[in-house]
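Structural description and commentary
Listed below are the residues making up each chain.
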Amino acid sequence: MTVQAQLHCLCLFTLYLTTGYGQDGRFSGPLKPMTFSIFEGQEPSQIIFQFKANPPAVTFELTGETDGIFHIQQDGLLYHNRALDRETRAVHKLQVSALDAHKAIVEGPVPITIIVKDINDNQPTFLQPKYEGSVRQNSRPGSWELDPVKNPSYTLMVSVKDMGGQNENSFSDSTSVDITVKENIWKAPAPVEIVENSTDPHPIKITQVRWNEPGAQYSLVEKEKLPRFPFSIDQEGDIYVNQPLDREEKDSYVFYVDAKDELGKPLALPLQIHVKVKDINDNPPTCPSTVTVFEVQENEKIGNKIGILTAHDMDEMNTINSILEYRIVDQTPKSPREGLFLVDRLSGAFQLAKQSLKKQDTPQYHLTVEVSDKDFKTLCHVQINVIDINDQIPIFEKSDYGNLTLAEDAVVGSTILTIQATDADEPFTGSSKILYHITQGDSEGRLGIDTDPQTNAGYVVIKKPLDFETAAIHHIVFQAENPEPLVDGVKYNASSFATFNLFVTDVNEAPQFSQQVFQAKVSEDVAIGTKVGNVTAKDPEGLDISYSLRGDTRGWLKIDPVTGEIFSIAPLDREAESLYRVQVVATEVGGSSLSSTAGFHLALSDVNDNAPRLVKEYTGLFFCHPLGEPRSLIFEATDDDQQSFRGPHFTFSLGSNSLQNDWEVSKINGTHARLSTKHTGFEKRVYNIPILINDGGRPPLEGTVSLPVTVCTCVEERCFQPAAHQSGMPTVGMAVGILLSTFLVIGIILAVVFIKMKKNKGRDNVENAQAPEVKPLRN
């Protein structure tokens, strides 16, 4: 063996001794199935393992997926002579056999598996140098500001980094994306008009909707539940009416259109559809009743109004289809002459036309009235009764109904008195019917009178609660009169009036607040002792009132028991309670001590009294050491004060000038900022970075927060922190001693090997070495 070969073997043996251990802690061993893991991209001439075989084996053979990379020497030394590439082959399946001098297999073949471990050696690559896409106006959350008229397209530059962009050895790629803004076509159509009672074949398309992309599933949703829903939609978005509509049944419809994807998820807010049913003249006029009855007195003056006939039309109001005209077509009897009555053509008002009537000649007339619209005519019947003249006044059966005493809590609706007057005119006519009125003694309308139509009796009823404190005595005056006017020369006199005295007795009542809820508003920073509001109550009996609070859970308020004024007795805090609700109790002093309650609502307006703070506790922030480039992180701030509709507008800065050369803070928006390093020369340790946050309020408040950032060694993109020294762990001195002892043993072994090599020239024997993963060794 040459000196060069001897040195080569010496180096291999040295490598065996100084590298790590493999699966079973050895670098060499017998021929058996094994698995090795090797990182791709390592330099060639990497030794993997040395296999040993028993005689008569003298050499080894390697077969399988060697790809010209893996080789084995005669002495069983397995190695690879080119760098591995996991993307070309991730696993190599090999077989090793031990051969005798005649190349016959004496052991094996045994399977050897080489797993190629990945390293970051490939750049992420976009599949296209340029991409194109489109977005609909208003079609996605947050895209409301897109306007195809102002900005029809956008070009975006998109970059990608592997390893999360957190390593200096990460690779990147970029591409451009052209975005076209398309008009949003998911819009509610214009209101639809449908002519009622159409005779065309149904269904009839009335309008349509379209989602921005094909494939949407459409459905209709009723706004109100109907006995029948006459509309439908197909999957093209066309909306149909399925049957004729009747405006008199329903004159308009409102419903919604939903668009959903194939999973049933709504694509957007529903659209509202308005349908108006257009009227046609398909309804004739109708009479108000089978016979309409009017009364006219004897000797009624010519031209006086008798009554109004009001017919109806079901067609749309205030249109030509519902305008009605009236015309008298027949009068029975025709004595003493025809045309005794007139009717206004448009209003249907009847008048006496040619002469006064006499009941003894003709007590009753029947008129046939034609009521017409532009297409239909209807005959209505009117009966006109000639009644005796109203020449008799109602007369009370007694003029004084005496006295009545009631407690002020008498039940509303109860009848307290019956009065009676009579009238000598023709019974059951307007001349003899009696209506009762209270003309004096009840200015607040606490009493009312109902008339019995058969007997003309009047029932005095309590309409509103009586009140002793307002009026303890009522001197009531009744008047009886007819609905028909009296004839000339006849007037109501004292016989048509009667009196009655009502005495109201007192009932002890609880105090009454002037309102059920009292409201006030103050700033949350008012001084203790400030008056924040007041309440008022009165006792109906005039007793004094004592005020107290109930439900003051935070102990913020007190009330003056005499005046009802409310004061603060502790600092107020809008952030704890923006609308503070308590109850005020008013209790009468003396008497039965009755009480009542009312609400007091105190609204607190905000003042800027909360300094900004971090929105959460930021832990675990780290940068990997060494920093390949300046790094940054994003954080968010908030405060507890009430924000404007535009949200907070914080400003951010470093809390120490001494950090200006190493760190910087830049604002992203009103709530977020970025903390960045200015260089890469940071030591491995924890940096507590003070950040000053200003809220810009009135007055402005500042808060200083601390962001802990660790610069550390990273393992698999995570911060690796060595464990602290523990008992039983070697100290630094011990480690140095162990290292020196190791070097001494290695020197002795090298000397022995060198002497042995001198004595055994031509022999190549390497023993006791094993390792499935080794560091590079150059030939």
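The structure displayed is predicted, hence computed values, not measured ones.

Moving on to the overall build of the protein. When you go through the protein residue by residue, the secondary structure sums to two helices and 51 strands. A total of 779 residues make up the protein; the buried ones form 36% of that total. Only carbon and sulfur atoms are counted for the fraction: they give 52% of the accessible area of the protein, which is about 44,100 Å².

Right, let's talk about the side chain of Asp-639 for a bit. Mapped onto the elements, Asp-639 comes out in the loop between strand 45 (632-638) and strand 46 (651-654). Lacking a salt bridge, the buried Asp-639 has Arg-574 as its closest oppositely charged neighbour, with an N-O distance of 7.4 Å. Once residues lying within four places of it in the same chain are set aside, the contact partners of Asp-639 are Asn-608, Asn-610, Ala-611, Pro-612, Phe-650 and Asp-695.

Moving on, we come to the environment of Ile-114. Relative to the helices and strands, Ile-114 is located in strand 8 (residues 105-117). Residues Ile-114 and Met-34, 80 residues apart in the sequence, show an inter-C-alpha distance of 8.7 Å.

As enumerated under the stated definition, the model contains 25 salt bridges in all. The closest approach of N and O atoms between Asp-178 and Lys-130, which form a salt bridge, is 3.0 Å. Of this pair, Asp-178 sits in strand 11 (residues 172-182) while Lys-130 sits in strand 9 (residues 130-136); the two residues are 48 residues apart in sequence, bridging distant segments of the chain. In this structure, Asp-330 engages Lys-334 in a salt bridge whose closest nitrogen and oxygen atoms are separated by 3.3 Å.

Now for the sheet that holds strand 40 (residues 565-568). What the three strands build is an open sheet, ordered 36-40-39; its pairing is antiparallel. The strands lining the two open edges of the sheet, one partner per strand, are strand 36 (531-534) and strand 39 (557-559). Each adjacent strand pair in this sheet contributes to an overall mean axis angle of 25°, direction not counted. Relative to strand 40, strand 39 runs antiparallel, the two being bridged by three bridges.

Attention now moves to the pairing of strand 40. The sheet contact formed by strand 36 and strand 40 spans three bridges and is antiparallel. From the neighbouring strand, Lys-531 faces strand 40, where its bridge partner is Phe-567. Connecting strand 39 to the next strand, strand 40, in antiparallel fashion are five residues, including Gly-564 with a positive phi near 85°.

A word on the packing of aromatic side chains. All chains considered together, the criterion is met by 20 aromatic pairs. Here Phe-229 and Phe-255 contribute two aromatic rings whose centre-to-centre distance is 5.5 Å and whose plane-to-plane angle is 90°, an arrangement assigned as edge-to-face. Linking Phe-229 in the loop between strand 14 (217-222) and strand 15 (231-233) with Phe-255 in strand 17 (residues 252-260), this pair joins segments that are 26 residues apart in sequence. Here a set of aromatic residues connected by ring pairs shows up, and it is made of Phe-229, Phe-231, Tyr-253 and Phe-255. Seen from the ring of Tyr-687, Arg-685 lies directly overhead, with NZ or CZ sitting 3.9 Å from the centre.

Moving on to the nonpolar core. Among the nonpolar cores identified, the biggest contains 25 residues, and Phe-635, Trp-663, Leu-675, Ile-691 and Leu-707 are the most heavily contacted of them. At the level of elements, strand 44 (621-624), strand 45, strand 46, strand 47 (663-667), strand 48 (672-677), strand 49 (686-694) and strand 50 (702-715) are the ones that each hand at least two residues to this core. Not counting chain neighbours up to four residues away, the residues in contact with Trp-663 comprise Phe-623, Leu-654, Leu-675, Ser-676, Thr-677, Lys-678, Phe-682, Tyr-687, Ile-689 and Val-709.

This paragraph deals with the pairing of strand 3 (residues 46-52). Most of strand 3 sits inside the fold, with six of its seven residues counted as buried. With three bridges joining them, strand 1 (residues 28-30) and strand 3 adopt parallel strand pairing. Note on strand 3: the bridge partner recorded for Ser-28 is Gln-50. Summarising the sheet, strand 3 and strand 6 (residues 77-80) pair through four bridges and their orientation is antiparallel. Residue pairing across strands places Ile-47 opposite Tyr-79, the latter belonging to strand 6.

This part takes up a nonpolar patch on the surface. Taken together, the side chains of Tyr-154, Leu-156 and Val-158 define a hydrophobic patch exposed on the protein surface, amounting to about 220 Å² of accessible area. A relative accessible area of 43% means that Leu-156 is categorised as partly exposed.

Below, the discussion takes up the state of the cysteines. Taken as a whole, this structure holds three disulfides when the rule is applied. The disulfide partner of Cys-624 is Cys-714, and the gap between their sulfur atoms is 1.9 Å. Between Cys-624 and Cys-714 the sulfur-sulfur dihedral comes to about -100°; the bridge is accordingly left-handed. Placement of the pair is Cys-624 in strand 44 and Cys-714 in strand 50, with a sequence separation of 90 residues. What makes Cys-624 buried here is its relative accessible area of 11%. Here Cys-712 pairs with Cys-719 through a disulfide, and the sulfurs are 1.9 Å apart. Judged by relative accessible area, which is 4%, Cys-712 ranks as buried. The cystine pairing of the protein, numbering bonded cysteines in sequence order, is 1-2, 3-5, 4-6.

So, on to the environment of Thr-713. Relative to the helices and strands, Thr-713 resides in strand 50. In the structure, Thr-713 is positioned 29 residues away from Lys-684 in sequence and 7.5 Å away in space, judged by C-alpha atoms. Excluding residues that lie within four positions of it along the chain, Thr-713 makes contacts with His-625, Lys-684, Arg-718, Cys-719 and Phe-720. At 3.1 Å, the side chain of Thr-713 forms a polar contact with the side chain of Lys-684.

Here the focus is the confidence of the model for the protein. For the protein, the average pLDDT comes to 85, and 88% of its residues sit at 70 or higher. A low-confidence stretch, residues 1-25 stays under pLDDT 50, and its non-local contacts, those more than four residues away or across chains, total 46 contacts. Contacts of residues 761-779 to residues separated by more than four positions or lying in other chains number 62 contacts, the stretch itself having pLDDT below 50.

Scoring rules and cut-offs
Residues numbered from 1 in each chain as written. Predicted model: local features only at pLDDT ≥ 70, side-chain atom pairs only at ≥ 80, totals over all residues. Heavy atoms only, no water. Helix = DSSP H or I, 4+ residues; strand = E, 2+ residues; numbered from the N terminus. Buried < 20%, exposed > 50% of the residue type's maximum accessible area, 1.4 Å probe, protein only. Areas by Shrake-Rupley, 256 points an atom, 1.4 Å probe, with all protein chains shown as cover. Lys, Arg positive; Asp, Glu negative; His and termini not counted. Salt bridge = Lys/Arg side-chain N within 4 Å of Asp/Glu carboxyl O. Contact = heavy atoms within 4.5 Å. Pairing = 2+ DSSP bridges. Axes fitted to C-alpha atoms, helices over the stretch in contact; angles between N-to-C directions. Phe/Tyr/Trp six-rings, centres within 6.5 Å; stacked < 30°, edge-to-face > 60°. Lys NZ or Arg CZ within 6 Å of the ring centre and 35° of its normal. Core = buried A, V, L, I, M, F, W, Y, C linked by side-chain atoms within 4.5 Å. Patch = residues over 30% accessible without salt bridge, like charges linked within 9 Å, V, L, I, M, F, W, Y side chains within 5 Å. Disulfide = S-S within 2.5 Å. Polar contact = N/O pair within 3.5 Å; in protein donor to acceptor, adjacent residues only side chain to side chain. pLDDT = per-residue confidence, 0-100.

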